[in-house]
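# Survey of secondary and tertiary structure
Listed below are the residues making up each chain.
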Number of protein chains: 2
Amino acid sequence: MEFSLTTLGTASALPTANRYPSAHILTVHERLFLIDCGEGTQMQLRKYGVPFHKIDHIFISHLHGDHIFGIFGLLSTFSMAGRSSALHIYAPEDFSRVLEFFLSRFGEGIKYEIVHHPVCTESPVLIYEGKSVEVYAFPLRHRGETYGFLFKEKTPQKNVHKYLIGPYKLTLFEIARLKEGNAILRTVSRKDDSVVESRAVATGDIEDRHGETDGTDDYYYQLLAAEDFTYLPYLPRRFAYCSDTAPFDKLAGWIKGTDLLYHEATYDSRLKDLAVTTCHSTAAEAAECAKEAGAAQLVIGHYSSRYKDPAPLLAEAKEIFPCTFLAKEGTKFEVPLKSFKKK
Amino acid sequence: MEFSLTTLGTASALPTANRYPSAHILTVHERLFLIDCGEGTQMQLRKYGVPFHKIDHIFISHLHGDHIFGIFGLLSTFSMAGRSSALHIYAPEDFSRVLEFFLSRFGEGIKYEIVHHPVCTESPVLIYEGKSVEVYAFPLRHRGETYGFLFKEKTPQKNVHKYLIGPYKLTLFEIARLKEGNAILRTVSRKDDSVVESRAVATGDIEDRHGETDGTDDYYYQLLAAEDFTYLPYLPRRFAYCSDTAPFDKLAGWIKGTDLLYHEATYDSRLKDLAVTTCHSTAAEAAECAKEAGAAQLVIGHYSSRYKDPAPLLAEAKEIFPCTFLAKEGTKFEVPLKSFKKK
């Protein structure tokens, strides 16, 4: 039940000898989601052993070169590697021009479908729903149309408390129905307490029948309510991706309670003026956003090439939000399972 | 007087964890020429410390993604790094569509001129002439229009033999004129052998005047012929770039006598059928070309991703052409100065 972010590119507009343009892999269970696709993404995927045939969904925040120039090579490589399943790309509307150019000039022989889902919104909106995750897009404040993404793990199926299975002699049928959230209504013999019938019912229908005697007086009803017998194995996790953006009031509210936040931190606070001019954030602003959103962990990246070592950015962010980490090429940030307190 | 090839990308269509798509730097004296520009070229240039602001000329062999997808990032980076001088790109005619797309979608703020010189030829043709080098394009046999390039170092200015300067009391004026290929005609006093006049002349005009007496009989003429006093400091060097191509008869003749040959070797001979189908060469065919062209050194590259280690390709080529080397990311192949035998 993995839920992790792998940072593949931590550079801003100008890559350096060791820092690549933006690209990130979010792993949710068995699925991989690619977020932004700067130049060299396919090489970084190979270098860090990411099984990229598992990528069916790509999310592009905006159409600046350092977030998009790897798409041409990746789409070509998918084709040469024999891909046949559809690839879904969630990107601003204007991405259609990029895709059209690619397909018209380099698309010969591509046998898989590429579906562009245009993103266009002024507030958070659901753009993808899969088996394990929902993805919401929300606008950022940058030069040109830019979106952030919030990945919400879906609520998992409930488990039945093991310590109740024996005493209640729960059958496989009953366990399966309880996990689905149904109640179980049993007809039990008064003579030997044997269960003569068991059926799944919506709790509301039968609440008043528990213990009630049937017509013959030989049997009584027993109600097993889902909430007494089951628990959520873990709490659904959240990841928010915010790059590139100037800070703005609504942002923290939109990503409230995220477990992991990736937020760009192009500059340190001494370069605040430059951050304002270029619509980027300082490390302090990234940390303020994490704090306000009540995030559990913050990962910063998208460092200006002027920082040979991004340590000063980390120090600045940690002053405000101690649980901050530096993105680095190939580093994986895991969000552990969060359990409810079991009954 | 450097003349060297640095290989930055040795992969064929599918890059691997360690092998990048095609990109090469030819250094001729102080100038850098970029040959092909696969995805990640700008990162490779940085990684291997190539001062890429010195690149004013880019040569693109053909418009397959693995030779071209790095151009978008490089052109953007040149802009962000404040480039103002013109950039010249020699590429097939259809490159104009690639450039047009780039400029229309990502060209905002580009302040330097990008000049596309369309290459279109069926036999070797001069496409660039600079201070130190001439570049010829010639057609290759690949899927789609593809060109190879022959870089010819220009003949250097001659040097004057140092051991003749003293005995002949050569003046700076005379040395400069001799280096330019002129002869010197001196008027010398019969009394004390002093030079009373010295002038540069085309050799043909004055051959018959050497030792001749002037009207007064007080002077005689002395002819210093350029070929007796000067020598070429080194022989001009040549580099030929052949990628991607199936073998064909005329090729070796077009690159005759090259000092250094880069030739693709995508497959080994066991995969000859695949090489034929895809219009590529085997290592043996690359070596045959080098042998027939009388090359001094052969560098092979563009390895299929199936070769985790390209050693078998090297072994195959060396059987035919012993002076073969494997291209590797960041490796520099130098062509040393070749001297004439001095008089």
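Residues numbered from 1 in each chain as written. Chains lettered and ligands numbered in written order. Predicted model: local features only at pLDDT ≥ 70, side-chain atom pairs only at ≥ 80, totals over all residues. Heavy atoms only, no water.

### Comments concerning the overall build of chain A
A count of helical and extended segments in chain A gives twelve helices and 19 strands. Taken over C-alpha atoms, the radius of gyration comes to 25 Å for chain A, far larger than the 20 Å a tight globule of 343 residues would show. Along the three orthogonal principal directions, the C-alpha set of chain A runs to about 85 × 55 × 35 Å. Per-residue burial over chain A gives 56% buried out of 343 residues. Relative to all contacts within chain A whose residues are 6 or more apart in sequence, the contacts with residues 24 or more apart total 64%. Accessible area for chain A stands at about 14,900 Å²; split by element, carbon and sulfur atoms hold 50% of it. Charge separation in chain A, taken as the distance between the mean sites of 40 positive and 44 negative side-chain charges, equals 5 Å. (Helix = DSSP H or I, 4+ residues; strand = E, 2+ residues; numbered from the N terminus. Rg over C-alpha atoms; globule rule 2.2 N^0.38 Å. Buried < 20%, exposed > 50% of the residue type's maximum accessible area, 1.4 Å probe, protein only. Contact = heavy atoms within 4.5 Å. Areas by Shrake-Rupley, 256 points an atom, 1.4 Å probe, with all protein chains shown as cover. Lys, Arg positive; Asp, Glu negative; His and termini not counted. Charge placed at Lys NZ, Arg CZ, Asp CG, Glu CD.)

### Some thoughts on the side chain of Gln-297 of chain A
Relative to the helices and strands, Gln-297 of chain A resides in strand S17 (residues 297-301). Setting aside chain neighbours within four positions, we find Gln-297 of chain A in contact with Asp-259, Leu-260, Leu-261, Phe-321, Cys-323, Phe-325 and Glu-334 of chain A.

### Thoughts on the nonpolar core
Core analysis: the largest hydrophobic core is formed by 64 residues, its most contacted members being Phe-72 and Ile-89 of chain A together with Phe-72 and Ile-89 of chain B. Excluding residues that lie within four positions of it along the chain, Ile-89 of chain A makes contacts with Ile-58, Ile-60, Ile-71, Leu-75, Phe-95, Ile-114, Val-115, His-116 and His-117 of chain A. (Core = buried A, V, L, I, M, F, W, Y, C linked by side-chain atoms within 4.5 Å.)

### As for empty space enclosed by the protein
All names here are of chain A. Within this structure, the stated rule accounts for one cavity of 30 Å³ or more. What the largest cavity holds in volume is close to 40 Å³. Val-28, Arg-31, Phe-33, Tyr-128, Gly-130, Lys-131, Ser-132 and Val-133 are the residues that line the largest cavity. By residue class, the composition of the lining of the largest cavity is four nonpolar, two polar and two charged. (1 Å grid on protein atoms, 1.4 Å probe; cavity = no way out; pocket = protein on both sides within 12 Å on 5 of 7 lines; lining within 4 Å. Points joined across faces, edges and corners; volume = space filled by probe spheres on them. Nonpolar A, V, L, I, M, F, W, Y, C, P; charged D, E, K, R; others polar.)

### Considering the sheet that holds strand S7 (residues 125-129) of chain A
Whether parallel or antiparallel, the strands of a sheet pair through hydrogen bonds between backbone atoms. All names here are of chain A. Strand order in the open sheet formed by seven strands is S7-S8-S9-S15-S16-S17-S18, with mixed pairing between adjacent strands. Edge positions in the sheet fall to S7 and strand S18 (324-326), since each has one partner strand and no second. Strand-to-strand twist in this sheet, taken as the mean axis angle between neighbours without regard to direction, amounts to 20°. Each of strand S16 (260-264) and S17 touches helix H11 (residues 283-293); the most contacted strand, S16, lies at about 155° to it. On the sheet, helix H12 (residues 311-320) packs against S17 and S18 and is oriented at approximately 170° with respect to S18. (Pairing = 2+ DSSP bridges. Axes fitted to C-alpha atoms, helices over the stretch in contact; angles between N-to-C directions.)

### What to know about the packing of helix H4 (residues 95-106) of chain A against helix H3 (residues 95-106) of chain B
Here H4 of chain A crosses H3 of chain B at 175°, and the two axes come no closer than 11 Å. Here H3 of chain B runs roughly antiparallel to H4 of chain A, going by the angle between their axes. For the pair H4 of chain A and H3 of chain B, the contacting residues are Arg-97, Val-98, Phe-101, Ser-104, Arg-105 and Phe-106 of chain A in the first and Arg-97, Val-98, Phe-101, Ser-104, Arg-105 and Phe-106 of chain B in the second. Its residues assigned to classes, the contact of H4 of chain A with H3 of chain B shows six nonpolar, two polar and four charged. (Parallel < 35°, antiparallel > 145°, perpendicular 65-115°, else oblique.)

### Some words on the sheet that holds strand S5 (residues 87-92) of chain B
All names here are of chain B. Taking strand neighbours across the sheet as the criterion, the seven strands line up as S6-S5-S4-S3-S2-S1-S19 in an open arrangement whose pairing is mixed. The two strands at the open ends of the sheet, each matched to only one other strand, are strand S6 (114-119) and strand S19 (331-334). Direction aside, neighbouring strands of the sheet carry axes that sit 20° apart on average. Together, S5 and S6 form the strand contacts of H3, whose direction differs from that of S6 by roughly 160°.

### What about the relation of the copies chain B and chain A?
Related by rotation about an axis and a shift along that axis, the two copies of the chain form a pair. Superposition of chain B onto chain A requires a rotation of 179° combined with a translation of 0.0 Å along the rotation axis, giving an RMSD of 0.1 Å. Taken together, the turn and the small shift mark the pair as related by a two-fold rotation axis. Taking the C-alpha atom as reference, chain B places Gly-40 of chain B closest to the rotation axis, 2.6 Å from it. Comparing interface residues between copies, 100% of those in chain B also sit at the interface in chain A, which points to an isologous, same-surface contact. (Least-squares fit on C-alpha atoms with pLDDT ≥ 70 in both.)

### A look at the interface of chain B and chain A
Taken residue by residue, the interface counts 33 residues in chain B and 33 residues in chain A. For the pair chain B and chain A, the summed buried area comes to about 2,900 Å², and 66% of that belongs to carbon and sulfur atoms. Taken as a group, Glu-39, Met-43 and Phe-69 of chain B account for 23% of the area that chain B buries against chain A, more than any other trio of residues on that side. Between chain B and chain A we count two salt bridges in total. We note a salt bridge from Arg-105 of chain B to Asp-94 of chain A, for which the minimum N-O separation is 2.8 Å. The tally of links between chain B and chain A comes to ten residue pairs in polar contact (both at pLDDT 80 or more). When contributions to the side of chain B that touches chain A are tallied by element, the ones reaching two or more residues are helix H1 (41-47), helix H2 (71-80) and H3 of chain B. With seven residues, H3 of chain B is the largest single contributor of residues to the side of chain B that touches chain A. (Buried area = accessible area lost by both parts, 1.4 Å probe. Salt bridge = Lys/Arg side-chain N within 4 Å of Asp/Glu carboxyl O. Polar contact = N/O pair within 3.5 Å; in protein donor to acceptor, adjacent residues only side chain to side chain.)

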